[in-house]
Each structure stands twice: as C-alpha cells, then as structure tokens.
Amino acid sequence: MRAFSLPIIAVMISAVAAYVDVECMWNSKTGSTYDLRPLTVTDPKALSYLIKDGDIPCTPEIEPTYSYVFNFCTDVTLASFPSGVCKDTQMGAALQYIDRKDGYKECNVIGLYDSARDDTYFSLLDPKDPSKGVSMKYMFGHKCPNGQLRSATIDVMCQNTKEPIIDSATEPTECGYHLIMRSMHGCPTECPITDKGLCNSHGHCAYDSKTKQPHCYCNKGYGGAACTPSSSSSSSGVDVYSIQLAFMIILLLTALVLTGFVGYLAYRITQFRKDQMNSFTSNYTVDRGDFMGSEMVGTGNY
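Our subject in this report is the structure included herewith. Because the structure is predicted, anything quoted here is derived from the model rather than measured.

1. Quick look at the overall build of the protein chain
For step 1, the next point in the chain: Looking only at helices and strands, the protein chain features 3 helices and 17 strands.
For step 2, the next point in the chain: By the burial criterion, 31% of the 302 residues in the protein chain qualify as buried.
For step 3, the next point in the chain: In the protein chain, the proportion of contacts linking residues at least 24 apart, taken out of those at least 6 apart, comes to 49%.
For step 4, the next point in the chain: On the protein chain, roughly 19,700 Å² of surface is accessible, and the fraction owed to carbon and sulfur atoms is 61%.

Written as structure tokens, this is what we have:
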C-alpha cells in the first residue's frame with residue numbers, strides 16, 4: 001500500500017505546485033477568468049480612482065456629499081491620499097471622506113485588501129452571463145458607530161472603453177458601499193484585448209450558453225479569438241459582401257444588355273414591317289395603274 005501511496009502523493013504535490021494564485025486574477029470556475037491587474041495604479045505619484053456621491057433621491061433627508069477614493073488590489077496611492085482629512089493610520093484600498101467648508105472633516109476606511117484572501121473578494125455580476133463583468137468586494141473596513149465593519153463593493157462592468165469610467169457611488173445598506181465603473185478589463189480574459197480595444201474593436205464579448213464559455217463574436221471580415229482580419233479578406237482584400245456586390249453588378253449589366261438587345265430586335269422588326277408595308281403599297285399602286293391604262297387603251301379601239 002505504501003508503494004501505491006507515493007505516486008498519489010507525487011501527483012498531489014505537482015497539482016498544488018501547478019496552481020499559482022496570482023493577485024488580482026480570478027478563475028470563476030464557470031469557464032471565464034478575470035484579470036484586474038491593468039486597473040491597479042502602482043505609481044505613487046499617479047492618482048487612484050475618485051468619485052463623489054450626492055443626495056439620494058426619494059428620501060426626505062439631504063445626504064452629505066462624500067468623496068470615495070479606491071484602488072485595485074492595493075492601497076490608494078500617496079498622490080490620492082487625502083492627507084488633510086485622513087490620518088496616516090487610515091490607509092486602505094478604499095476610503096470615504098468629507099471636507100466641508102464649515103470645517104467638518106471625516107475619514108473612514110471602507111475596505112482593506114489582503115492578498116491571502118484574494119479569491120474571496122471576487123464574484124460575477126451576473127451568474128448566468130459571465131460576460132457582463134466582475135465584482136470585487138473589500139471587507140474589514142473601519143467600524144461604523146453601530147459596531148459593524150464597513151465594506152466596499154466595486155462592480156466592473158464589461159465595456160469596450162479605453163479608459164475606465166466611474167458611474168456612481170452609493171451606500172445601499174448601512175456601512176455597505178457600492179461603486180460602479182465600466183472597463184474592458186472587467187470582461188473575461190477569454191475575450192482578448194488588443195491595442196485597438198476589446199475584441200480588437202471589431203466584435204463584442206458575449207457568453208456562449210452552449211459551450212459555457214465567453215468569447216468574441218466578430219464582425220464580418222474578422223475572425224479568430226481576437227477578431228483579427230480574416231485570411232481571405234487580408235490576403236485578397238475581398239470579403240463576402242464585396243463578392244455579393246460584384247455579382248449584383250454583373251446581373252444588372254447583363255439585364256441592361258438583354259434589355260437593349262430586345263429593344264433593338266423590336267426596332268428592327270418594326271422597321272421590317274414598315275418596309276414590307278411600303279413595298280406592298282408601292283406595288284399595289286403600280287399594278288392598278290397598269291390595269292387602268294390597259295382598260296383605257298381597249299376602249300379607244302372600239
């Protein structure tokens with residue numbers, strides 16, 4: 001039994017070694033993977049992501065305007081850290097702060113990032129359609145007055161945008177904050193990104209319910225995983241649409257030629273009939289003249 005256990009242990013060790021948990025990447029186990037590393041701002045002199053909320057409609061209270069600054073899979077950069085409002089100890093992956101004109105200041109850490117718990121932060125925006133995007137939730141923020149720990153959920157909607165677009169920041173539940181943004185990096189990596197954009201900007205990312213995987217659905221003349229120019233269109237410069245257009249032009253020219261030929265035949269037939277009629281009329285006149293002349297000569301002989 002010991003002889004059989006050694007190979008099994010070796011296989012288990014190799015399987016563990018083969019699995020490498022990369023920070024800010026997530027395998028959803030649904031045929032789609034996500035990589036938010038391009039959204040991470042690593043330069044301390046660069047600005048992290050910033051948005052301000054506002055008054056929540058349909059509520060009697062007038063909510064104060066808070067600012068939210070956040071980063072992906074790391075703390076906010078020093079350039080974005082509101083040092084005039086927050087203390088040095090209030091550093092995190094997501095912050096909420098306010099600095100009013102009346103002198104009131106408030107700073108809250110609403111989310112921390114722990115690389116050891118990286119995979120627990122991710123979830124799908126739509127479990128039935130992984131191409132919609134991915135959600136990342138920062139836990140273990142500072143305590144609210146009621147003792148509850150703050151948390152921040154960042155939804156990254158899949159969209160072909162060159163630069164990330166931050167849409168909103170709200171607090172739908174007490175001490176639970178929700179930020180929404182759009183980016184092509186929120187799309188599954190099964191839909192490749194080229195220097196021109198998501199799916200080479202010649203297609204769109206969607207989920208195939210049959211294969212259970214997302215991929216690029218390419219426009220005409222483009223194909224492959226990243227919607228690059230197809231071999232037929234790139235080598236000959238002709239696609240299916242061009243062939244169909246040329247065929248229609250040939251049919252149109254053929255129809256014009258046939259119409260002209262039929263018209264010419266009709267003209268020739270009409271002319272032939274006119275010539276026949278003129279010839280018949282001329283012959284009839286001559287014959288009648290001869291008949292009348294001969295009759296008059298006969299009368300004279302009597």
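Continuing now.
2. Thoughts on the packing of aromatic side chains
For step 1, the next point in the chain: Inspection of every chain in the model, using the stated rule, returns 9 aromatic pairs.
For step 2, the next point in the chain: On the numbers, 5.6 Å between centres and 80° between planes, the contact of Tyr49 with Phe72 is edge-to-face. Of this pair, Tyr49 sits in strand E3 (residues 49–52) while Phe72 sits in the loop between strand E4 (67–70) and strand E5 (94–99); the two residues are 23 residues apart in sequence, bridging distant segments of the chain.
For step 3, the next point in the chain: For the pair Tyr113 and Tyr121, a centre-to-centre distance of 5.7 Å together with 55° between the ring planes defines the contact as tilted. Pair check on accessibility: Tyr113 and Tyr121 agree, each one buried.
For step 4, the next point in the chain: Here the aromatic residues Trp26, Tyr34 and Phe122 are joined through ring pairs into a cluster of three or more.

3. Some details on the nonpolar core
For step 1, the next point in the chain: Counting 31 residues, the largest nonpolar core has Phe72 and Met136 as the members making the most contacts within it.
For step 2, the next point in the chain: Every element with two or more residues in this core is listed here: E3, E4, E5, strand E7 (122–124), strand E8 (133–138), strand E9 (151–158) and strand E11 (176–183).

4. So, the sheet that holds E4
For step 1, the next point in the chain: As summarised here, the arrangement of the 4 strands in space is E3-E4-E5-E6, forming an open sheet in which the pairing is antiparallel. Strands with a single pairing partner mark the edges of an open sheet, and in this sheet they are E3 and strand E6 (105–111). Taken pair by pair, the neighbouring strands of this sheet meet at an average axis angle of 20°, ignoring direction.
For step 2, the next point in the chain: In the sheet, E5 pairs with E6 via 6 bridges, with the strands oriented antiparallel. The residue bridging Gln96 from the neighbouring strand is Asn108, located in E6.

5. Considering unusual backbone geometry
For step 1, the next point in the chain: The phi dihedral of Cys175 is positive, around 70°, even though this residue is not glycine.
For step 2, the next point in the chain: Looking at the element boundaries, Cys175 is found in the loop between strand E10 (165–173) and E11.
For step 3, the next point in the chain: The class of Cys175 is buried, set by a relative accessible area of 4%.
For step 4, the next point in the chain: In this model, Lys212 sits at a positive phi of 60°, which is unusual for a non-glycine residue.
For step 5, the next point in the chain: By the secondary structure assignment, Lys212 is in the loop between strand E14 (203–208) and strand E15 (213–218).

6. Focus on the side chain of Ser131
For step 1, the next point in the chain: The topology assignment puts Ser131 in the loop between E7 and E8.
For step 2, the next point in the chain: Here Ser131 falls in the buried class, since its relative accessible area comes to 7%.
For step 3, the next point in the chain: A polar side-chain atom of Ser131 sits 2.5 Å from a polar atom in the side chain of Asp129.
For step 4, the next point in the chain: Excluding anything up to four places from it in sequence, Ser131 contacts Cys158, Pro188, Cys205, Ala206 and Tyr207.

7. Quick word on the pattern of salt bridges
For step 1, the next point in the chain: This structure, assessed with the given rule, holds 3 salt bridges.
For step 2, the next point in the chain: Of the charged contacts, one joins Asp167 and Arg182 as a salt bridge, the two residues approaching to 2.8 Å between their closest N and O atoms. In this pair, Asp167 sits in strand E10 while Arg182 sits in strand E11, placing the two residues 15 residues apart along the sequence.
For step 3, the next point in the chain: Looking at Asp167, the relative accessible area reads 36%, which means it is partly exposed.

8. Things to note about the state of the cysteines
As used here, a disulfide is simply a covalent bond connecting the sulfur atoms of two cysteines.
For step 1, the next point in the chain: Throughout the structure, instances matching the rule amount to 7 disulfides.
For step 2, the next point in the chain: Here Cys199 is linked by a disulfide to Cys216, with a sulfur-sulfur distance of 2.0 Å. Because the sign of the S-S torsion sets the handedness, a value of about -85° for the bond joining Cys199 and Cys216 places this disulfide among the left-handed ones. Taken together, the residues Cys199 in the loop between strand E13 (197–198) and E14 and Cys216 in strand E15 connect sequence positions 17 residues apart. For the pair Cys199 and Cys216, one class covers both residues: buried.
For step 3, the next point in the chain: The side chain of Cys218 participates in a disulfide bridge whose partner is Cys227; the two sulfur atoms lie 2.1 Å from each other. In this structure the cystine formed by Cys218 and Cys227 twists about its S-S bond by roughly -90°; its chirality is therefore left-handed.
For step 4, the next point in the chain: Classification of Cys218 by relative accessible area gives partly exposed; the value is 27%.

Rules and cut-offs
- Residues numbered from 1 in each chain as written.
- Predicted model: local features only at pLDDT ≥ 70, side-chain atom pairs only at ≥ 80, totals over all residues.
- Heavy atoms only, no water.
- Helix = DSSP H or I, 4+ residues; strand = E, 2+ residues; numbered from the N terminus.
- Buried < 20%, exposed > 50% of the residue type's maximum accessible area, 1.4 Å probe, protein only.
- Contact = heavy atoms within 4.5 Å.
- Areas by Shrake-Rupley, 256 points an atom, 1.4 Å probe, with all protein chains shown as cover.
- Phe/Tyr/Trp six-rings, centres within 6.5 Å; stacked < 30°, edge-to-face > 60°.
- Core = buried A, V, L, I, M, F, W, Y, C linked by side-chain atoms within 4.5 Å.
- Pairing = 2+ DSSP bridges.
- Axes fitted to C-alpha atoms, helices over the stretch in contact; angles between N-to-C directions.
- Polar contact = N/O pair within 3.5 Å; in protein donor to acceptor, adjacent residues only side chain to side chain.
- Salt bridge = Lys/Arg side-chain N within 4 Å of Asp/Glu carboxyl O.
- Disulfide = S-S within 2.5 Å.

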